[in-house]
Amino acid sequence: METKSFLALNMSPPLGHIITSDKWRHSLLIQTLKGCVKIIFENELGVADFLLPKKCCILYVSECDIIAGKGYKRKLVCFRNSSSGFQDLVLVENTRLSEQYFSAVQKFVVFDLGLTLLPVSGQTEASQLISHIVHGEGRDDLFRIKSSFQCLDPLVLALVQQVPGIGRVKALALLQHFSSIQQLCNSAPAELEPIVGQAAAQQIHNFLHKSSAGAT
């Protein structure tokens, strides 16, 4: 659902809403979000792409931005310098074309600028992550999400995604709650179920314990 724009750049939108730059109006990301959140279009967001509840501010770095060169770095620096008081998240497309540059982008975002980077495969997955933040447990404690993803090892994320039926979104949700592979392996299906659902929880548990048994 779309609602009228309002000039409140020093405030967060209400729960269940996002404010987004008008340039995203006809994007796949916004089309996917319609019906999931209420969308407020704003022409004066500056460098930011999305404002979420609880003062969460998002910048989106696309595959094209990365391949085009260093221009995205200037945008990232401006984003860090202009979003004081907000919890900054950077969504970065990690695709077949951009993956060779991803480690350099990650180093610049996380280590040089001190921002939180969340890798996404494209706009559809980005919309799922945004919806999860707006409606999920993270909306009550975004600082915890930021801290958990700040130290997220891409290799750990890739390993969790090897479980059949577990995509990046569910893997990210699991790694919010379990800080290591060891904790995930030691978890019971009942602990996994609130995060990924009953069927996936049992599937994850069976896969991890089958793998552990095969290694002994």
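None of the values given here were measured: they were computed from a predicted structure. (Residues numbered from 1 in each chain as written. Predicted model: local features only at pLDDT ≥ 70, side-chain atom pairs only at ≥ 80, totals over all residues. Heavy atoms only, no water.)

(A) Seen up close, the overall build of the chain. When helices and strands are tallied, the chain shows 11 helices and 7 strands. Evaluated residue by residue, the chain yields a buried proportion of 44% over its 216 residues. Here the contacts in the chain between residues at least 6 apart in sequence split such that 64% fall between residues at least 24 apart. Here the chain has roughly 10900 Å² of accessible surface; of this, 55% comes from carbon and sulfur atoms. (Helix = DSSP H or I, 4+ residues; strand = E, 2+ residues; numbered from the N terminus. Buried < 20%, exposed > 50% of the residue type's maximum accessible area, 1.4 Å probe, protein only. Contact = heavy atoms within 4.5 Å. Areas by Shrake-Rupley, 256 points an atom, 1.4 Å probe, with all protein chains shown as cover.)

(B) How the structure looks around the packing of aromatic side chains. For the structure shown, the criterion picks out 2 aromatic pairs. An angle of 45° between the planes, with centres 5.1 Å apart, marks the rings of tryptophan 24 and phenylalanine 50 as tilted. Note that tryptophan 24 is positioned in the loop between β2 (17–21) and α1 (28–33) and phenylalanine 50 in strand β4 (residues 50–52), a separation of 26 residues in sequence. The same class applies to tryptophan 24 and to phenylalanine 50, which are both buried. On the basis of an interplanar angle of 75° and a centroid distance of 5.2 Å, the ring pair of tryptophan 24 and tyrosine 60 is categorised as edge-to-face. Here tyrosine 60 lies in strand β5 (residues 56–61) and tryptophan 24 lies in the loop between β2 and α1, a separation of 36 residues in the sequence. Note on accessibility: tryptophan 24 and tyrosine 60 belong to one class, buried. (Phe/Tyr/Trp six-rings, centres within 6.5 Å; stacked < 30°, edge-to-face > 60°.)

(C) Looking closely at the environment of serine 127. In this structure, serine 127 sits in helix α5 (residues 123–135). For serine 127, a relative accessible area of 2% translates into the label buried. Separated by 95 residues in the primary sequence, serine 127 and threonine 32 have C-alpha atoms spaced 6.4 Å apart. Not counting the four nearest positions on each side in its chain, serine 127 is found in contact with Leu29, Thr32 and Leu33.

(D) View of α5. Compared with an ideal rise of 1.5 Å per residue, which puts 13 residues at 18 Å, α5 spans 18 Å between its outermost C-alpha atoms and is within 8% of the ideal. Here α5 has its buried residues at Glu125, Ala126, Ser127, Leu129, Ile130, Ser131, Ile133 and Val134. (Expected span 1.5 Å × (residues − 1).)

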